[in-house]
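So you can see what is in the structure, the chains are spelled out below.
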Amino acid sequence: MIEFRPVTKHIGAEVTGVDLRKPLSQEEVATLREGWLKHLVLFFRDQHIDDEQHLQFALNFGTLNHPAFKKDAGSPIHVLDQTSPKGEGGDEWHSDNTFEPTPPMGSLLRCVQLPSVGGDTCWANTYLAYDSLSKPLQRLCDELTAVHDITMSMKKAISKGHPFDLAEIQAKWPPIERPVVRVHAETGRKALFVNRASTTRLVGLTDRENEALLPMLIDHIRSPEFQCRLQWRPGTLAFWDNRPTQHYAVADYTERRRMHRVTINAFPEHADR
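This structure is a prediction, so every number in the text was calculated from the model and none was measured.

**Q** How do you make sense of the sheet that holds strand β13 (residues 227-230) when you look at a structure like this?
**A** The strands making up a sheet associate through hydrogen bonds between their backbones, and the pairing can be parallel or antiparallel. Sheet architecture is open: three strands sit in the order β13-β7-β15, paired in antiparallel fashion. Both edges of this open sheet fall to β13 and β15 (245-249), since each of them pairs with a single strand only. Averaged over neighbouring strand pairs, the angle between their axes works out to 20° when direction is ignored. The pairing of strand β7 (residues 121-125) with β15 spans five bridges and is classified as antiparallel. Its bridge partner lying in β15, Ala-124 is registered against Gln-246.

The structure is reproduced here in structure tokens:
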């Protein structure tokens, strides 16, 4: 029997009673999806699965998303293999690829190899970030849109030695405007939808207003009461909803950390309208 053990009051739950090496029944998929929508990120321990089992589990919940900067375009598995992660981009609060026309719905990240210490990941509940704003500020945010731009993260990657062509990438993913408050397609709940990695300005506000308000909204999401933190072990898999969460990869290690990730888009019936 599948059970969920919350790891904090507001976000995250460990899942027991399921073996990801085996195909899931429709009832198991429905139970897991309900728990995922409730807890926002699910943690599966001691699931020593291979890449194909990882992929098949992911495809129960959405269609395959091909990450923007994956080196091996022919494989559905995105390998994150790092020993010097500081400044690579994961070590700031973000939702994945909000610069894309349709950002991915979720990700399933599996731990393969860890440093001797460090390499945790944190998640934040952006429903709660919105709910905890004052009513006047909520009303203002409800009316605002923001620009999401890939340029900041690409400049960081290039400075770390990654051979990206900035002009080519900017042409492929030009800046895009999105609501500051996102309404979840399945739950109908509102979430604060700005992030440090990609959000560059609030549309229609002056420079001075942007300098005051945008950093405050971004920093607000870092409040500890909105968060949970996962200490990985090999065989742990995390499955998060990219729509009402942000995450942060703690860059406190200098030994090899290898993770395998599958990213998914929403099924049509669960997509934003």
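So much for the structure itself; the text now carries on.
**Q** Would you explain the sheet that holds strand β8 (residues 145-148) in this entry?
**A** Read from one edge of the open sheet, three strands run β9-β8-β12, paired in antiparallel fashion. Each edge of the sheet is formed by a strand with only one pairing partner; in this case those strands are β9 (176-179) and β12 (199-202). Between one strand axis and the next, the sheet turns through 35° on average, direction left out of account.

**Q** Help me out: how do you make sense of the packing of aromatic side chains in this one?
**A** Each aromatic ring pair is specified by the distance between its two centres and by the angle formed by the two planes. The final tally for this structure, using the stated rule, is 10 aromatic pairs. Ring centres of Phe-43 and Trp-123 lie 5.3 Å apart, and the angle between their planes is 55°; this geometry places the pair in the tilted category. Of the two residues, Phe-43 sits in strand β3 (residues 41-44) while Trp-123 sits in strand β7, which places them 80 residues apart along the sequence. Accessibility classification places Phe-43 together with Trp-123 in one group, the buried group. Measuring from ring centre to ring centre gives 6.5 Å for Trp-123 and Trp-232, while their planes differ by 55°; the resulting arrangement is tilted. Here the residue Trp-123 occupies a position in strand β7, and Trp-232 occupies one in the loop between β13 and β14 (237-241), the gap between them amounting to 109 residues. The exposure class assigned to Trp-232 is buried, which follows from its relative accessible area of 5%. Through pairs of rings, three or more aromatic residues link up here, namely Trp-36, Phe-44, Phe-57, Phe-61 and Phe-239. When the ring centre of Phe-193 is taken as origin, the NZ or CZ atom of Arg-182, which lies over that ring, is 4.8 Å away. Looking at Arg-189, its charged tip hangs above the ring of Tyr-127, at a distance of 4.1 Å from the centre.

Rules behind the numbers
- Residues numbered from 1 in each chain as written.
- Predicted model: local features only at pLDDT ≥ 70, side-chain atom pairs only at ≥ 80, totals over all residues.
- Heavy atoms only, no water.
- Pairing = 2+ DSSP bridges.
- Helix = DSSP H or I, 4+ residues; strand = E, 2+ residues; numbered from the N terminus.
- Axes fitted to C-alpha atoms, helices over the stretch in contact; angles between N-to-C directions.
- Phe/Tyr/Trp six-rings, centres within 6.5 Å; stacked < 30°, edge-to-face > 60°.
- Buried < 20%, exposed > 50% of the residue type's maximum accessible area, 1.4 Å probe, protein only.
- Lys NZ or Arg CZ within 6 Å of the ring centre and 35° of its normal.

Everything listed is a geometric property; what it means functionally is a separate question.
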